[in-house]
Amino acid sequence: DPTHGYLGLDITDNAITGIVAGSPAQLSGELCVGDVILACDGVVLQPGQQVNMIMAPGKNKYRLRVRRGPSEQGTGLPNSSEFTPQSEWIATCDPASGDTYYFNERTGKSTWSEPLPAGWQAVTGPDGVYYFNSATNESCWDRPAGGWRTAALPSLAPPTHGLPQLSVPFQIGVCARVGAFGSPLADLRTVECYGCAIPIVLYMPWMRLVQRQALASEGLFRVQPDPDEFAEAERELRNGCLEQHHSPECYAKLIKTVFRRLPGGLLGRIGPEARELGFLDYFATLPKAERSVVAWLVQLMRHVASCEGNRMSLRALAVVFAPNLYDQASANKLDDLVALEFVANMLSTLASANTN
């Protein structure tokens with residue numbers, strides 16, 4: 001139906017303004033009024049390009065990437081107001097010094113100097129420094145605002161706050177056939193932790209780490225556990241019963257192993273279209289379940305990095321987790337390296353946001 005963009009959607013300037021009752025778009029539950037379409041079937045929409053230009057008559061299935069609208073507020077996840085395309089520069093706290101630096105999510109560059117908005121440049125004239133916009137021919141003496149933005153995440157709660165207790169043995173999946181490792185995310189039972197819905201098989205080793213007050217263990221998530229002890233802990237998790245006597249390294253590796261064995265990875269393939277969107281817009285386009293798990297992982301990273309003694313900075317944790325989160329099946333090793341850097345930078349950016 002051309003009126004509704006062939007998907008049962010009312011679309012104005014790529015923003016979803018209505019969903020037709022009973023349409024596949026409504027029944028899927030993945031789209032909401034207020035979402036903005038960023039890409040369709042892998043084609044990133046350019047300024048002025050409408051999604052209807054890509055859709056073809058007679059086709060009723062498309063893969064859309066969207067920036068979430070205000071309907072996501074209150075979920076504990078960032079919403080569209082934090083991902084406006086007005087600036088690619090993000091104000092980020094340096095964990096070592098506590099000072100603010102600015103990170104460009106598209107180019108990967110960083111600077112200590114406050115960036116100017118797009119199109120503006122500082123010019124030194126006879127009477128001093130003024131600011132000139134080459135696109136609009138505007139000039140002013142006062143420094144233009146809006147050259148950077150922050151990426152807000154929920155404030156850091158105490159590690160023990162909001163940890164639900166589970167009966168043992170716990171059920172891993174939606175049915176008895178679902179295993180702890182290698183099962184799709186949609187098949188795993190979830191529990192709420194820090195306002196995020198996460199699989200129980202991720203929650204249990206994290207809860208054991210917190211209960212043992214082991215977040216300050218040196219090299220946590222980097223140091224490898226004893227192989228025999230890890231094999232025992234892995235068997236216990238498969239059976240829905242993870243004991244509390246294992247080393248912190250065992251619990252940390254279990255979390256990474258669950259991530260690594262998710263079919264296709266939590267984030268799937270990180271192709272050029274993802275990198276074109278930039279870190280925060282890409283995060284905003286993830287399906288709700290995946291976004292919730294990433295938001296929880298960011299909280300985990302911030303908790304661990306805040307503990308003295310483990311020598312694990314936010315950047316170090318991002319580098320450790322990144323290889324476990326995406327599909328590395330590409331035959332091109334260079335593509336894998338680019339994807340690895342993208343995921344690590346995305347985690348660092350999200351975890352560093354508003355920590356000062």
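Values in this document were obtained by computation on a predicted structure and should not be read as measured data.

A.B. asks: Even after reading the chapter, I still don't get the overall build of the protein chain, so can you show me in this structure?
C.D. replies: Within the protein chain, the secondary structure is distributed over nine helices and 13 strands. Here the protein chain holds 356 residues, and the buried ones make up 49% of them. When contacts within the protein chain are restricted to residue pairs at least 6 apart in sequence, those whose partners lie at least 24 apart make up 61%. Carbon and sulfur atoms make up 50% of the accessible area of the protein chain, which totals about 16900 Å².

A.B. asks: What should I look at first to understand the packing of aromatic side chains in this one?
C.D. replies: Describing an aromatic ring pair means giving the distance of the ring centres and the angle of the ring planes. Evaluation of the coordinates by the stated rule reveals four aromatic pairs. Note on Tyr130 and Trp141: the rings are 5.9 Å apart at their centroids and 70 degrees apart in plane angle, and the pair reads as edge-to-face. Residue Tyr130 is found in strand β10 (residues 128–133), and its partner Trp141 is found in the loop between β11 (138–140) and β12 (190–193); the two are separated by eleven residues along the sequence. Take Tyr130: its relative accessible area is 26%, and that puts it in the partly exposed class. Between Tyr282 and Phe342, the aromatic rings sit 5.6 Å apart at their centres with planes inclined by 80 degrees, giving edge-to-face as the arrangement. Taken as a pair, Tyr282 in helix α6 (residues 279–285) and Phe342 in helix α9 (residues 333–352) lie far apart in primary sequence, 60 residues in all. The class for Phe342 is buried, based on a relative accessible area of 6%.

A.B. asks: In this structure, what is going on with the sheet that holds β11? I would like to understand it.
C.D. replies: Whether parallel or antiparallel, the strands of a sheet pair through hydrogen bonds between backbone atoms. With antiparallel pairing, three strands are arranged side by side in an open sheet as β9-β10-β11. Each end of this open sheet is capped by a strand with a single partner; those strands are β9 (120–125) and β11. With direction set aside, neighbouring strand axes in the sheet form an average angle of 30 degrees. Of the pairings in the sheet, the one linking β9 to β10 comprises six bridges and is antiparallel in character. Of the residues in β10, the one forming a bridge with Val123 is Tyr130.

A.B. asks: Explanation requested: the pairing of β12 in the structure shown.
C.D. replies: In the case of a regular strand, side chains alternate between the two sheet surfaces. Burial along β12 is one-sided: Val191 and Cys193 are buried, and none of Thr190 and Glu192, which face the opposite way, are. Remark: two residues form the turn of the hairpin made by β12 and strand β13 (residues 196–199), two consecutive strands paired antiparallel; Tyr194 in that turn has positive phi of roughly 55 degrees.

A.B. asks: In this structure, what is going on with the nonpolar core? I would like to understand it.
C.D. replies: One recurring pattern in soluble globular proteins: nonpolar side chains tend to sit buried together. Among the nonpolar cores identified, the biggest contains 80 residues, and Trp206, Phe221, Leu237, Phe259, Leu267 and Trp296 are the most heavily contacted of them. Setting aside residues no more than four positions away along its own chain, Leu237 makes contact with Phe170, Ile172, Ala180, Phe181, Val201, Met204, Leu242, Leu254 and Val258. In this structure, Ile16, Val51, Tyr62 and Val66 belong to the second largest nonpolar core, which totals eleven residues.

A.B. asks: Whenever I open this one, the pairing of strand β2 (residues 15–19) confuses me. Can you help?
C.D. replies: Pairing between strand β1 (residues 9–12) and β2: four bridges, direction antiparallel. Bridge assignment links Asp10 to a residue of β2, and that residue is Gly18.

A.B. asks: Is there a simple way to think about helix α4 (residues 248–260) in this case?
C.D. replies: Helical geometry note: an α-helix holds 3.6 residues per turn, so side chains three or four residues apart project in the same direction. Under the 1.5 Å per step criterion, the end-to-end length of α4 is 19 Å for 13 residues, consistent within 8% with the ideal 18 Å. Within α4, eleven of the 13 residues are buried, which leaves the element mostly enclosed by the surrounding structure. Those residues of α4 that fall on the buried side of the exposure criterion are Pro248, Glu249, Cys250, Tyr251, Ala252, Leu254, Ile255, Lys256, Thr257, Val258 and Phe259. For α4, the elements touching its buried residues are α2 (200–211), α3 (227–238), α7 (288–305) and α8 (314–321).

A.B. asks: Just checking my understanding: could you explain the confidence of the model for the protein chain for this structure?
C.D. replies: As a general rule, the predicted coordinates of low-pLDDT regions are not to be interpreted in detail. On average, residues of the protein chain carry a pLDDT of 79, and 77% of them reach 70 or more. Taking the mean pLDDT of every element in the protein chain, the minimum, 58, falls on helix α1 (residues 24–28) and the maximum, 97, on α4. For residues 1–5, every residue scores under 50 in pLDDT, and the model assigns this stretch nine contacts once sequence neighbours within four places are set aside. Of the regions scoring below 50 in pLDDT, residues 71–86 engages in 34 contacts with residues more than four places distant in sequence or in other chains.

A.B. asks: Would you take a moment to explain the pattern of salt bridges for this structure?
C.D. replies: Within the structure shown, the criterion is met by four salt bridges. Close ionic contact of Glu234 with Arg261 constitutes a salt bridge, the shortest N to O distance being 2.9 Å. In this pair, Glu234 sits in helix α3 while Arg261 sits in the loop between α4 and α5 (272–277), placing the two residues 27 residues apart along the sequence. Under the relative-accessibility criterion, Glu234 is labelled buried at 13%. On the basis of relative accessible area, Arg261 is assigned to the partly exposed category, the value being 34%. For Arg269, the salt bridge identified is with Asp336, shortest N-O distance 3.8 Å. Of this pair, Arg269 sits in the loop between α4 and α5 while Asp336 sits in helix α9, and the two are 67 residues apart along the sequence. According to the relative accessible area criterion, Arg269 is partly exposed, its value standing at 36%. You can call Asp336 buried: its relative accessible area is 7%. Each member of the salt-bridge network shares a partner with another, and the members are Glu234, Arg238 and Arg261.

Parameters and conventions
Residues numbered from 1 in each chain as written. Predicted model: local features only at pLDDT ≥ 70, side-chain atom pairs only at ≥ 80, totals over all residues. Heavy atoms only, no water. Helix = DSSP H or I, 4+ residues; strand = E, 2+ residues; numbered from the N terminus. Buried < 20%, exposed > 50% of the residue type's maximum accessible area, 1.4 Å probe, protein only. Contact = heavy atoms within 4.5 Å. Areas by Shrake-Rupley, 256 points an atom, 1.4 Å probe, with all protein chains shown as cover. Phe/Tyr/Trp six-rings, centres within 6.5 Å; stacked < 30°, edge-to-face > 60°. Pairing = 2+ DSSP bridges. Axes fitted to C-alpha atoms, helices over the stretch in contact; angles between N-to-C directions. Core = buried A, V, L, I, M, F, W, Y, C linked by side-chain atoms within 4.5 Å. Expected span 1.5 Å × (residues − 1). pLDDT = per-residue confidence, 0-100. Salt bridge = Lys/Arg side-chain N within 4 Å of Asp/Glu carboxyl O.

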